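Chain by chain, the residues run as shown.
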Amino acid sequence: MVDPNHDESSPVTITPYPDGPYLVRGDFVVRDQAGNELPTERRTIALCRCGKSRMRPFCDGTHKLVGFRAPSGREPWPGD
Amino acid sequence: MARRLIDLPSPRGCLSELLFAALEGPPDEGLEAPGAIDSGDPIADEDLQLALYVAYEIHYTGIRGVDEAWEWTPSLLAFRAELERPFEAAMAELVEPASEQELASVGAALQAITAEDAGPPLSRYLETQGTLEQMLEHVVHRSAYQLKEADPHSWVIPRLSPRPKAALLEVQTDEYGGGSAERMHSVLFAKTMEALGLDPAYGAYLERMPAVTLATVNLMTGLGLQRRRRGASVGHLAAFEMTSSIPNRRYGNALRRLGCDREATHFYDEHVEADAVHENIAAWDLAGGLAAEEPEVAADILFGARALLQIEARWATHLMDSWERGETSLREPAAVPA
């Protein structure tokens, strides 16, 4: 049964994957700095985290060629 | 898009001859198990791989003139099991067992295994030097799977617990176009074939496909159909996705270099972006999630990944070697009987 008061939108989550991109899920919109929407066709997108993608801001798998390493969780402060 | 329906191909030896002759008759009559098959090299055995491909195809689609009731007919299943045995043994021989360390983190192990992929540089070759004819051959080979892209792994869905199941669905939903038939990857591949002047009908090039090409599909179908191989099927999908985005960019570049338009490259360009998403989900949420919930299948997950890399390398070697000799990598069209 459909609840008319139910909020259909789902919160956006951003997940850094180990040695890989940020996956973004939920009701997100990607805009450039000027406010123009960057069209995305899929429900889950991958944003470049290594900086070397050839279609930034989206991931194209290049992190595997450049040996990008990063944990999924927060990196510790130096000395922690 | 029209309904998938293939014709029975010409047999390539006594196994396929026996099988196809029986399939033209009523189910469960006239098909006797062949007994132990002695195949020197099951992966390159034309007769064995074609018979297996057709035996599996009955689960996917209709075959003109073949009664659909054959699908679960015991004599066909027994016949198929004899075909699977030598192929499974050959794959097991090619795949090294997983180490304890790999089993402790399946996601990281998949990253390491796929990064080491030592197959021949097929995509790099096509990107920089391949001819249009070679690129078209590549598309024809790939149509054996790509026109039913994602289907072999969909059989695993009901066999998973919620977390890995949700991950698999996240990938498969995208493969199937997110609710749009037009965006379905198998449909995009058919459009690429059309743009390149190839016949996009399902099964149109079956006669031209060599055993090693059929073996790449038979591997994933065989794993997908058996619940006990759910780990291997998941590992196969993960490795497939993890080795896809970069080669697909190269195939798109190859077509652009050869003067093809966006209609032709769209399938490949779409896969660069799609598989950059899928590979993370497949490695960590699907494969890692399955290993966490069912540690007993972790070794088989890594088997599936390594099996995919081994068979792809074998297939790519066949293409590169054929071209090196100045020959086609496809089977020559059958001679017209006099």
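Keep in mind it's a predicted model, so treat the numbers as computed, not measured.

Its place among the elements puts Pro158(B) in the loop between helix H8 (151-154) and helix H9 (162-175). Residues Pro158(B) and Arg227(B), spaced 69 residues apart in sequence, show a C-alpha to C-alpha distance of 9.3 Å.

In this chain, Arg56(A) is followed by Pro57(A) through a cis amide linkage whose omega measures 10°. Residue position: Pro57(A) is located in the segment after strand S3 (45-47). Although it is not a glycine, Asp19(A) adopts a positive phi angle of roughly 55°. One non-glycine residue with positive phi stands out, namely Ala150(B), at about 85°. In this structure, Ala150(B) sits in the loop between helix H7 (132-146) and H8.

Moving on, we get to a negative patch on the surface. A surface patch of negative charge is lined by Glu194(B), Asp199(B), Asp261(B) and Glu263(B). By secondary structure assignment, the location of Asp261(B) is in the loop between helix H13 (245-257) and helix H14 (262-293).

Once that is clear, we can look at the pairing of strand S2 (residues 22-25) of chain A. Residue and element names in this part refer to chain A. Alignment of strand S1 (residues 13-16) against S2, held across four bridges, turns out to be antiparallel. The residue of S2 that forms the bridge with isoleucine 14 is valine 24. Between the end of S1 and the start of S2, which pair antiparallel, lie five residues, with aspartate 19 showing a positive phi angle near 55°. In this sheet, S3 lies alongside S2 in antiparallel orientation, the contact comprising three bridges. In the sheet register, tyrosine 22 faces S3, and the bridge partner there is leucine 47.

Residues and elements named next belong to chain B. The first and last C-alpha atoms of H13 sit 18 Å apart over 13 residues, in line with the 18 Å expected at 1.5 Å per residue. Contacts made by the buried residues of H13 are with helix H6 (122-128), H7, helix H12 (230-242) and H14. In the stretch just after H13, glycine 259 is the one whose phi turns positive, near 90°.

Glancing now at the sheet that holds S3(A). Residue and element names in this part refer to chain A. What the three strands build is an open sheet, ordered S1-S2-S3; its pairing is antiparallel. Of all the strands in the sheet, just S1 and S3 have a single pairing partner and so form its edges. Along the sheet, successive strands turn relative to each other by an average axial angle of 30°, direction set aside.

Next up on the list: the domain arrangement of chain B. Residue and element names in this part refer to chain B. Domain annotation of chain B identifies domain 1 (12-93) and domain 2 (101-324). The gap between the C-alpha centroids of domain 1 and domain 2 is 24 Å. Every contact between the two is made by 20 residues of domain 1 and, on the other side, 26 residues of domain 2. Carbon and sulfur atoms make up 63% of the area that domain 1 and domain 2 hide from each other, which totals about 1,900 Å².

Attention now moves to helix H10 (residues 185-195) of chain B. All names here are of chain B. Where burial is concerned, most of H10 is hidden: eight out of the 11 residues are buried. Three or more residues of H10 are buried, namely His185, Ser186, Val187, Leu188, Phe189, Ala190, Thr192 and Met193. Within two residues after H10, glycine 197 carries a phi angle of roughly 80°, on the positive side.

Glancing now at the interface of chain A and chain B. At the interface, 21 residues of chain A touch 20 residues of chain B. Summing both sides of the interface, chain A and chain B together bury roughly 1,800 Å²; the carbon and sulfur share of this comes to 48%. Of all residues in chain A, Tyr17(A), Arg42(A) and Lys64(A) give up the largest surface area on contact with chain B, accounting jointly for 34% of the area buried on that side. At the junction of chain A and chain B, the tally comes to eight salt bridges. The closest approach of N and O atoms between Glu270(B) and Arg42(A), which form a salt bridge, is 2.3 Å. Remark: the boundary between chain A and chain B carries 11 residue pairs in polar contact (both at pLDDT 80 or more). Of all elements in the fold, only S2 and S3 of chain A reach the threshold of two or more residues within the side of chain A that touches chain B. Classifying every residue of the side of chain A that touches chain B by side-chain character gives nine nonpolar, five polar and seven charged.

For the rest of this paragraph, the subject is the pattern of salt bridges. Residue and element names in this part refer to chain B. Inspection of the entire model under this criterion finds 26 salt bridges over all chains. One salt bridge in this structure joins arginine 12 and glutamate 46, with 2.7 Å as the shortest N-O distance. Here arginine 12, found in the loop between strand S1 (5-6) and helix H1 (14-23), pairs with glutamate 46, found in helix H2 (residues 46-60); they are 34 residues apart in sequence, far enough to count as distant. The salt bridge involving arginine 142 is made with glutamate 312; its shortest N-O contact spans 2.5 Å. Separated by 170 residues along the polypeptide, arginine 142 in helix H7 and glutamate 312 in helix H15 (residues 298-324) bring together distant segments of the chain.

We now examine a nonpolar patch on the surface. A cluster of nonpolar side chains, Val12(A), Ile14(A) and Tyr22(A), forms an exposed patch at the surface whose accessible area comes to about 260 Å². Here Ile14(A) lies in strand S1.

Moving on, we come to the confidence of the model for chain B. For chain B, mean pLDDT is 94; residues scoring 70 or higher make up 98% of the total. Our summary of model confidence lists the complex with pTM equal to 0.94 and ipTM equal to 0.87.

Our focus in this paragraph is the packing of H7(B) against helix H11 (residues 211-225) of chain B. Residue and element names in this part refer to chain B. At their nearest, the axes of H7 and H11 sit 9 Å apart, and the two run at 20° to each other. Here H11 runs roughly parallel to H7, going by the angle between their axes. Regarding H7 and H11, the two cross each other, and that crossing is right-handed. Listed contacts from H11 to His141, Ala144 and Tyr145 of H7 are Thr213, Val217 and Met220.

The rules behind each value
- Every chain is numbered on its own, with residues counted from 1 as its sequence reads.
- Whichever chain is written first is A, and whichever ligand is written first is 1; the rest continue in order.
- With the structure being a predicted model, the display of local features is reserved for residues of pLDDT at least 70 and the display and counting of side-chain atom pairs for 80 or more, all residues being used for whole-chain, interface and lining totals.
- To get the side-chain values, all heavy atoms of the structure are used, and hydrogens and water are removed first.
- By definition, any uninterrupted DSSP run of H or I lasting at least four residues is a helix, any uninterrupted run of E lasting at least two residues is a strand, and each is numbered from the N terminus.
- Two joining distances apply to patches: 9 Å for like charges and 5 Å for nonpolar side chains (Val, Leu, Ile, Met, Phe, Trp, Tyr), and every residue must have over 30% relative accessible area and no salt bridge.
- Every accessible area reported is derived by Shrake-Rupley at a probe size of 1.4 Å, with residue values counting cover from the shown protein chains alone.
- The salt bridge definition used is simple: a Lys or Arg side-chain nitrogen within 4 Å of an Asp or Glu carboxyl oxygen.
- Positive charges are assigned to Lys and Arg, negative charges to Asp and Glu, while His and the chain termini are left out of the count.
- Throughout, a charge is located at the NZ atom of Lys, the CZ atom of Arg, the CG atom of Asp or the CD atom of Glu.
- A strand pair is defined by DSSP finding two or more bridges across the two strands.
- Expected span of a helix, by definition, is 1.5 Å for each gap between consecutive residues, and there is one gap fewer than residues.
- What makes two residues a contact is simply this: any of their non-hydrogen atoms within 4.5 Å.
- Under this scheme, a helix contributes an axis fitted over its contacting stretch, all axes are lines through C-alpha atoms, and angles between N-to-C directions fall in the 0 to 180 degree range.
- Annotation comment: domain bounds sourced from an automatic or database domain assignment.
- Accessible area that two parts lose when put together, with a 1.4 Å probe and added across both, is what the buried area reports.
- Each residue gets one of three labels from its accessible area relative to the maximum for its type: buried under 20%, exposed over 50%, partly exposed in between, using a 1.4 Å probe on protein chains only.
- We call two N or O atoms a polar contact when they sit within 3.5 Å, provided that within protein one can donate a hydrogen and the other can accept it, with sequence-adjacent residues counted only if both atoms are side-chain atoms.
- Three residue categories are used. Nonpolar comprises Ala, Val, Leu, Ile, Met, Phe, Trp, Tyr, Cys and Pro, charged comprises Asp, Glu, Lys and Arg, and polar comprises the others, including Gly.
- Residue-level confidence of the predictor is what pLDDT reports, using numbers from 0 through 100.
- With respect to orientation, any angle under 35 degrees is reported as roughly parallel, any angle over 145 as roughly antiparallel, any angle of 65 to 115 as roughly perpendicular, and every other angle as oblique.
- In this scheme the handedness of a crossing depends on how the near helix is turned from the far one: anticlockwise by less than a right angle means left-handed, clockwise means right-handed.

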